Amino acid sequence: MGHRLKTLGEFIIEHQSQFRFSEGELSRLLNSIKLAAKLVNHEVNKAGLVDILGASGVTNIQGETQQKLDIFANDVFMKILKKRDIVCGVASEEEDDFVIISDKDGGHDNKYVILTDPLDGSSNIDVNVSVGTIFSIYRRVSPVGSPVTSDDFLQKGIEQVAAGYVIYGTSTMLVYTTGHGVNGFTLNPALGTWYLSHPNMTFPKGGKIYSINEGNYVHFPQGVKDYLKYCQEEEGNRPYTSRYIGSLVSDFHRNMIKGGIYIYPTSSKVPQGKLRLLYECNPMSFLAEQAGGKASDGYRRILEIEPKELHQRIPFFVGSREMVEKAEEYMAKYPDDAVY
Ligand code: AHG
Ligand code: MN
Ligand code: MN
């Protein structure tokens, strides 16, 4: 007691010298994410009131019809990132193509691009279950001064300079990495301040949770079926426990704290997998590795995959290192099921 918690603002300033490139800009970018996350959090928290407020006409005062939360979250992030003159481009799950952002003076001198899934797990909104926001940040590869190009976005995950997520859960947290470990900050909603609540997050040894949509079982590749059988066998610390929320951010967050594996494999329904490489799998993989975990498509390290297109999908195995390695052992028996 008596010990004062560190705020996210203080933490960013203290650690900005660790950052390889222009520290000030990354700090400003993280500050924008903090702000956007607070606005989305506010909206998510009153999601249950939407119909009630709508019925009383409150949402119509500004002549705006109530938007779906994933569109709302996208608009918030896009507006803040555009206004604050920090990034030169944004790609989002909710935008068909990447968006070029010019500086206040009309130039293109900013150095970073950001990719985001503004609202992950949106099907959980209606039932009051945790959702998230995911972000991934790169330094541009095209020359400063010119508009961003697709090359700036189609970089391998290993090139990320920062990545993180916000989880709008029983409490709201921002968890991020700049390649020096993973730190988690909890929002005090009364003050609008984020406090360092989870310093140096790491997957514990010996995870026991597996998270997969088992309703698709019959459509899974044989390697996944075999691995699930392994998870369910009575042997050593098995059977494992099955937990599936249906929002990657929440499932990942729980697994990082308790130890576990999240799998979204290919299936005959989604032959490339469902999750998107650039703004779901890459940022979560960067976090996983920084927390001592592992991320793979079942065969290869996610972070080394050469992206081909913005909304590319990929099978995803992420979580405790030993668990992902075991799943890969089972997948290796069926090399023909690899997507590439
Ligand atoms: P999004 O809400 O951004 O479309 O992402 C949902 C994703 C992921 O978060 C979740 O784990 C998965 O889809 C759930 O898919 P199923 O309903 O097919 O299990
Ligand atoms: Mn998503
Ligand atoms: Mn989404």
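Conventions we followed
Residues numbered from 1 in each chain as written. Chains lettered and ligands numbered in written order. Predicted model: local features only at pLDDT ≥ 70, side-chain atom pairs only at ≥ 80, totals over all residues. Heavy atoms only, no water. Pairing = 2+ DSSP bridges. Helix = DSSP H or I, 4+ residues; strand = E, 2+ residues; numbered from the N terminus. Contact = heavy atoms within 4.5 Å. Axes fitted to C-alpha atoms, helices over the stretch in contact; angles between N-to-C directions. Core = buried A, V, L, I, M, F, W, Y, C linked by side-chain atoms within 4.5 Å. Buried < 20%, exposed > 50% of the residue type's maximum accessible area, 1.4 Å probe, protein only. Donors = N, O, S within 2.8 Å, 3.2 Å for Na, K, Ca; no water. Domains from an automatic or database assignment. Buried area = accessible area lost by both parts, 1.4 Å probe. Salt bridge = Lys/Arg side-chain N within 4 Å of Asp/Glu carboxyl O. Polar contact = N/O pair within 3.5 Å; in protein donor to acceptor, adjacent residues only side chain to side chain. Near = heavy atom within 4 Å. Nonpolar A, V, L, I, M, F, W, Y, C, P; charged D, E, K, R; others polar. Phe/Tyr/Trp six-rings, centres within 6.5 Å; stacked < 30°, edge-to-face > 60°.

## Topic: the sheet that holds strand 1 (residues 87-92)
Thinking step 1. With mixed pairing, the 8 strands of this open sheet are ordered in space as 2-1-3-4-5-6-7-8. Whereas interior strands pair on both sides, the edge strands pair on one side only; in this sheet they are strand 2 (99-100) and strand 8 (193-198).
Thinking step 2. One ladder, built from 6 bridges, connects strand 5 (residues 162-168) with strand 6 (residues 172-177); its direction is antiparallel. Counted as the bridge partner of Tyr-168 is Thr-172 from strand 6.
Thinking step 3. Where helix 7 (residues 248-258) meets the sheet, it contacts strand 3 (112-120), strand 4 (131-139), strand 5, strand 6, strand 7 (182-188) and strand 8, and its direction lies at approximately 100° from that of strand 5.

## Structural notes on the nonpolar core
Thinking step 1. Grouped together as the largest cluster of nonpolar side chains are 41 residues, with contacts concentrated most on Ile-114, Ile-137 and Tyr-176.
Thinking step 2. Looking at this core, the element that brings in the most residues is helix 2 (residues 23-45), giving 8 residues.
Thinking step 3. Dropping the residues within four chain positions of it, Ile-114 is found in contact with Leu-29, Ile-33, Leu-81, Val-87, Gly-89, Val-90, Ala-91, Phe-135, Ser-136, Ile-137 and Phe-153.
Thinking step 4. Counting residues in hydrophobic clusters, the runner-up holds 38 residues, among them Ala-91, Ile-134, Tyr-138 and Ile-167.

## So, the coordination of the manganese ion (ligand 2)
Thinking step 1. Bound to the manganese ion (ligand 2) on the protein side are Asp-117 (OD), Asp-120 (OD) and Glu-280 (OE), at distances that span 1.9 to 2.2 Å.
Thinking step 2. Read in sequence order, the donor residues coordinating the manganese ion (ligand 2) give the pattern D-x2-D-x159-E.
Thinking step 3. Distance-wise, the manganese ion (ligand 3) is placed 3.8 Å from the manganese ion (ligand 2), both being coordinated by Asp-117.

## What to know about the coordination of the manganese ion (ligand 3)
Thinking step 1. The manganese ion (ligand 3) binds to the protein through Glu-93 (OE), Asp-117 (OD) and Leu-119 (O); the donor distances cover 2.2 to 2.7 Å.
Thinking step 2. Donor residues for the manganese ion (ligand 3), ordered by position in the chain, follow E-x23-D-x1-L.
Thinking step 3. Given a relative accessible area of 26%, Glu-93 falls into the partly exposed group.
Thinking step 4. Residue classification places Leu-119 among the buried residues on the basis of a relative accessible area of 2%.

## Section: the domain arrangement of the chain
Thinking step 1. When cut into domains, the chain gives domain 1 (8-198) and domain 2 (209-337).
Thinking step 2. Look at where the C-alpha atoms of domain 1 and domain 2 centre, and you get two points 25 Å apart.
Thinking step 3. With 46 residues of domain 1 at the contact, the number on the domain 2 side is 30 residues.
Thinking step 4. Summed over both partners, the interface of domain 1 with domain 2 comes to about 2,700 Å²; 68% of that surface belongs to carbon and sulfur atoms.
Thinking step 5. Among the residues of domain 1 in contact with domain 2, Leu-154, Lys-156 and Tyr-165 are the three that bury the most area, contributing 21% of the side total.
Thinking step 6. At the boundary of domain 1 with domain 2, the tally comes to 0 salt bridges.
Thinking step 7. Connecting domain 1 to domain 2 are 13 residue pairs in polar contact (both at pLDDT 80 or more).
Thinking step 8. Broken down by secondary-structure element, the contributors of at least two residues to the side of domain 1 that touches domain 2 are strand 1, strand 3, strand 4, strand 5 and strand 6.
Thinking step 9. A per-element tally of the side of domain 1 that touches domain 2 places strand 4 first, with 7 residues.

## Considering the pattern of salt bridges
Thinking step 1. On inspection of all chains with the given rule, the structure shows 14 salt bridges.
Thinking step 2. Across the pair Lys-46 and Glu-43 runs a salt bridge, and its minimum N-O distance is 3.6 Å.
Thinking step 3. Relative accessible area serves as the criterion here: at 28%, Lys-46 is assigned to the partly exposed category.
Thinking step 4. A single salt-bridge network, built from bridges that share partners, covers Lys-294, Arg-321, Glu-325 and Glu-328.

## Quick word on the site of ligand 1
Thinking step 1. Neighbouring ligand 1 are 16 residues; Asp-120, Gly-121, Tyr-244, Tyr-262 and Tyr-264 lie closest to it.
Thinking step 2. Here Gly-121 contributes a backbone N or O atom positioned 2.8 Å from an oxygen atom of ligand 1.
Thinking step 3. Tyr-244 is positioned such that a nitrogen or oxygen atom in its side chain is 2.6 Å from an oxygen atom of ligand 1.
Thinking step 4. Mapped onto the shell around ligand 1, the elements with two or more residues apiece are strand 3 and strand 11 (260-264).
Thinking step 5. Tallying contributions element by element places strand 3 first for the shell around ligand 1, with 3 residues.
Thinking step 6. Tallied by class, residues from the shell around ligand 1 come to 6 nonpolar, 5 polar and 5 charged.
Thinking step 7. Looking at which domains feed residues into the shell around ligand 1, each of domain 1 (8-198) and domain 2 (209-337) gives three or more.

## A look at the sheet that holds strand 12 (residues 294-296)
Thinking step 1. The sheet built from 5 strands is open, its strands ordered 10-9-11-13-12 with mixed pairing. Single-partner strands in this sheet number two, and they are strand 10 (241-242) and strand 12.
Thinking step 2. As paired strands, strand 9 (residues 209-211) and strand 10 are joined by 2 bridges and run parallel to one another. Following the sheet pairing, Ile-209 is matched in strand 10 by Thr-241.

## Concerning the packing of aromatic side chains
Thinking step 1. Scanning all chains against the criterion turns up 12 aromatic pairs.
Thinking step 2. Ring centres of Tyr-227 and Tyr-230 lie 5.9 Å apart, and the angle between their planes is 25°; this geometry places the pair in the stacked category. Of this pair, Tyr-227 and Tyr-230 both sit in helix 6 (residues 222-232), 3 residues apart, which is roughly one turn of that helix. The two residues Tyr-227 and Tyr-230 agree in class, both being buried.
Thinking step 3. Chaining the aromatic ring pairs together yields one cluster made of Tyr-227, Tyr-230, Tyr-240 and Tyr-330.

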